[in-house]
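Per-entry structural report
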Amino acid sequence: MPRNAVLALVACLLAVAAAVVSFVEGNWLGVVWVLLAGVTSNMAWYYIRRERAARG
């Protein structure tokens, strides 16, 4: 797996954790963390698919 994809997945997991903590505390800022998790998830898929396409 490419390094950029791993970093994007780590960022996605951290954003999800931050969203959960924000919502548990009753803070609506968690919506921003959910959006960030979506963006980083898409980045990870992009890097994974790009590497697969380069191989094959």
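All residue numbers here refer to positions counted from 1 along the written sequence of the relevant chain. With pLDDT at 70 or above as the cut-off, local features in this predicted model cover only qualifying residues; side-chain atom pairs require 80 or more to be listed or tallied, and sums for whole chains, interfaces and linings still use all residues. Note: side-chain values were computed over all heavy atoms of the structure, leaving out hydrogens and water.

1. A short note on the overall build of the protein
In terms of regular secondary structure, the protein is built from 2 helices and 0 strands. In this setup the radius of gyration rests on C-alpha atoms only. A globule is expected at 2.2 Å times the number of residues raised to 0.38. The C-alpha radius of gyration of the protein comes to 14 Å, more than 25% above the 10 Å expected for a compact globule of 56 residues. In terms of overall dimensions, the protein has a C-alpha envelope of 45 × 15 × 10 Å along the principal axes. Each of the 56 residues in the protein was classed as buried or not, and the buried ones make up 23%. Contacts were defined at the residue level, with two residues in contact if any of their heavy atoms lie within 4.5 Å. For the protein, the share of sequence-separated contacts (at least 6 apart) that also reach a separation of at least 24 residues comes to 53%. To be clear on the numbers: accessible area is Shrake-Rupley with a 1.4 Å probe, and residue cover counts the displayed protein chains and nothing else. About 4,300 Å² of surface is accessible on the protein, with carbon and sulfur atoms providing 68% of the total. Runs of H or I in DSSP of at least four residues are treated as helices and runs of E of at least two as strands, each being numbered from the N terminus. A 1.4 Å probe rolled over the protein chains alone gives each residue an accessible area, and that area as a share of the maximum for its type sets the label: buried under 20%, exposed over 50%, partly exposed in between.

2. Here's the deal with the side chain of Ser22
Tracing the backbone shows Ser22 in helix H1 (residues 3-24). The buried category is assigned to Ser22, whose relative accessible area is 10%. If near-sequence neighbours (up to four positions away) are discounted, Ser22 is found in contact with Asn27, Gly30 and Trp33.

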